[in-house]
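# Residue-level structure breakdown
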Amino acid sequence: MRRPIQFAPSGHHPGHPGVVVPVRVDPDGVRGPTPGQAAGARWRRTSRGFYVPAATSVESVDQRIVEAAQVLPGYGGVTGWAALWWLGGRWFTGTRAGGSVQRDVTLATMIHARAQPGIGISEERLGPRELTYSDGLPITHAVRSVCFEARYAPDVGAAVRVFDLAAYNDLVSWEECADYLAHLNGWTGVPQARKAHLLSCENAWSPREIDMRLIWHREAGHAMPECNAPVFDLDGRFVGTPDVIDPVAGVLGEYDGAHHLAGPQRSRDVRRESDFRRLGLEIVTMLAGDNHDPGHFRQRLRDCYARAARRPASERRWTLDQPSWWIPTQTVAQRRALSAHDRRRLLRHRQPQLPSSA
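Notes on the structure follow. Keep in mind that what you see is a predicted model, and the values were worked out from it rather than measured.

## Focus: the environment of His-292
Locating His-292 in the fold gives a position in the loop between strand S17 (282-287) and helix H10 (295-310). A relative accessible area of 70% places His-292 in the exposed class. Sequence separation of His-292 and Trp-85 is 207 residues, and the distance between their C-alpha atoms is 27 Å.

See below:
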């Protein structure tokens, strides 16, 4: 028996505008197109035996996921990046190569199913408790989906991205993933996922920050910096939140993407850098090109650590200790505990333009 998509009778989803559930051919033309209509220009075939009206978007990520999910046999759910996107993981766009190549939607099911164009099949062991419905769609729960994606990531760095960017939208916590990975001995990709998990952070705000943190630690050999830790002066006044910071050395890093070059943003960046330096912090900047050729960034980072080492302790006029009035949002648990009002007020920066895929 096929696991149904639990949308409204109209086939449309109120929480996912424009999404249409594929239907089978209906000789009477009531629940779907007649055979003649299905062969015409007004219907589009989504997979073997299923159709949607031809005007239905082929670019929508939600639509791609729903079309794949309709192929599920009687047991299973959407997993990996597609499940995370459906749950609200805005970085999981299902593309690679700068957004130009679409990734397959993976279906987890222990019942044999044939892969089709745009659809991958995972037949790994799948317990009933690992399945759920979200907005009417059968999916594997968030922790299973994250760990699946990390296990099959092309390398450790890409797997770190998976953990960090899932935590960005509070889909999983570090502890939840640790508990789940502890029970996956012998599964494909688990050593990679466990290694990546130990390098992951719950407070990264963008993929480029993650890249900078990994170059900082894995390639340059410095201590793993903290992500987006708010900095205060010794009187408890908020100064700014750098992308990454090594609080022991007094070195912070900022990533300069294209939006940082615009006039108003650049002016704010310069003022903030001046404030940080005045308090005794040394700053290193990573540029877009450094991600592909990090040698220059590593040299700037070495120079920055050398300058920080020469600063006397008396010049350290900053702290990461948060004053009593500050509401912390650095962990998944802290963000989940926020009121709806505080989430809207404090986490509005977590809805960025998405320039690249995860």
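Okay, back to it.
## Some details on the sheet that holds strand S15 (residues 244-246)
Strand order in the open sheet formed by 4 strands is S12-S15-S16-S17, with mixed pairing between adjacent strands. The open sheet is flanked by strand S12 (226-227) and S17, the only strands paired with a single partner. Sheet topology places strand S16 (residues 251-256) next to S17; 6 bridges connect them, and they run parallel. The residue of S17 that forms the bridge with Tyr-255 is Met-286. Strands S12, S15, S16 and S17 of the sheet are contacted by helix H8 (residues 207-219), whose axis makes an angle of about 140 degrees with S16. Packed on one face of the sheet, H10 meets S15, S16 and S17 and runs near 175 degrees to S17.

## Some details on the pattern of salt bridges
Where side chains of opposite charge bring their charged atoms close, a pairing between them can arise. Throughout the structure, instances matching the rule amount to 21 salt bridges. Arg-161 is the salt-bridge partner of Asp-211, the closest N and O atoms lying 3.0 Å from each other. Within this pair, whereas Asp-211 is found in helix H8, its partner Arg-161 is found in helix H5 (residues 156-168), the two being separated by 50 residues in sequence. Asp-211 gets classed as buried once you look at its relative accessible area, which sits at 11%.

## Concerning helix H2 (residues 61-69)
A large share of H2 lies buried, amounting to 9 of its 9 residues. Of the residues making up H2, those classed as buried are Val-61, Asp-62, Gln-63, Arg-64, Ile-65, Val-66, Glu-67, Ala-68 and Ala-69. N-capping of H2 is provided by Ser-60, with a side-chain oxygen placed 3.3 Å from the backbone N of Asp-62.

## Some remarks on the side chain of Asn-228
Mapped onto the elements of the fold, Asn-228 is located in the loop between S12 and strand S13 (231-233). The exposure class assigned to Asn-228 is buried, which follows from its relative accessible area of 2%. A distance of 2.8 Å separates a polar atom in the side chain of Asn-228 from the backbone oxygen of Asn-203. Look past the residues within four positions of Asn-228 in its chain and what remains in contact with it is Asn-203, Ala-204, Trp-205, Glu-209, Thr-241, Pro-242, Asp-243 and Gln-330.

## What to know about the environment of Thr-188
Checked against the element boundaries, Thr-188 lands in the loop between helix H6 (174-181) and helix H7 (190-198). In this structure Thr-188 comes out as partly exposed when scored by relative accessible area, which is 45%. When the C-alpha positions of Thr-188 and Tyr-152 are compared, they lie 7.8 Å apart, and in sequence the two are 36 residues distant. Look past the residues within four positions of Thr-188 in its chain and what remains in contact with it is Glu-124, Arg-151 and Tyr-152.

## Describing the packing of H8 against H10
The N-to-C vectors of H8 and H10 enclose an angle of 70 degrees; their axes lie 11 Å apart at closest approach. Comparing the axis directions of H8 and H10 gives the class roughly perpendicular. Touching Met-212, Ile-215, Trp-216 and Glu-219 of H8 are Phe-297, Arg-298, Leu-301 and Tyr-305, all from H10. A per-class count over the contact of H8 with H10 returns 6 nonpolar, no polar and 2 charged.

## Topic: the pairing of S16
Counted residue by residue, S16 has 6 buried out of 6 residues, so it is predominantly covered. In S16, alternate side chains face the same way, and those of Val-251, Gly-253 and Tyr-255 on one face and Leu-252, Glu-254 and Asp-256 on the other are all buried. Bridging between S15 and S16 involves 3 bridges; their strand directions are antiparallel. Considered in S16, the bridge of Ile-245 is made with Leu-252. Linking S15 to S16, which pair antiparallel, is a turn of 4 residues; within it Gly-250 sits at a positive phi near 80 degrees.

## Side note on unusual backbone geometry
With a phi angle near 60 degrees, Asp-170 is a residue other than glycine that sits in the positive phi range. Counting through the fold element by element, Asp-170 comes out in the loop between H5 and H6. Positive phi values are uncommon outside glycine, yet Asn-228 reaches one of about 50 degrees.

## Structural notes on the nonpolar core
One finds Ile-65, Val-78, Phe-163 and Trp-216 to be the most contacted residues of the largest nonpolar core, which totals 66 residues. Ranked by the residues each element gives to this core, the list is headed by H5, at 8 residues. Membership of the second largest hydrophobic core comes to 10 residues, among which are Ala-229, Ile-245, Leu-281 and Trp-318.

Analysis parameters
Residues numbered from 1 in each chain as written. Predicted model: local features only at pLDDT ≥ 70, side-chain atom pairs only at ≥ 80, totals over all residues. Heavy atoms only, no water. Helix = DSSP H or I, 4+ residues; strand = E, 2+ residues; numbered from the N terminus. Buried < 20%, exposed > 50% of the residue type's maximum accessible area, 1.4 Å probe, protein only. Pairing = 2+ DSSP bridges. Contact = heavy atoms within 4.5 Å. Axes fitted to C-alpha atoms, helices over the stretch in contact; angles between N-to-C directions. Salt bridge = Lys/Arg side-chain N within 4 Å of Asp/Glu carboxyl O. Polar contact = N/O pair within 3.5 Å; in protein donor to acceptor, adjacent residues only side chain to side chain. Parallel < 35°, antiparallel > 145°, perpendicular 65-115°, else oblique. Nonpolar A, V, L, I, M, F, W, Y, C, P; charged D, E, K, R; others polar. Core = buried A, V, L, I, M, F, W, Y, C linked by side-chain atoms within 4.5 Å.

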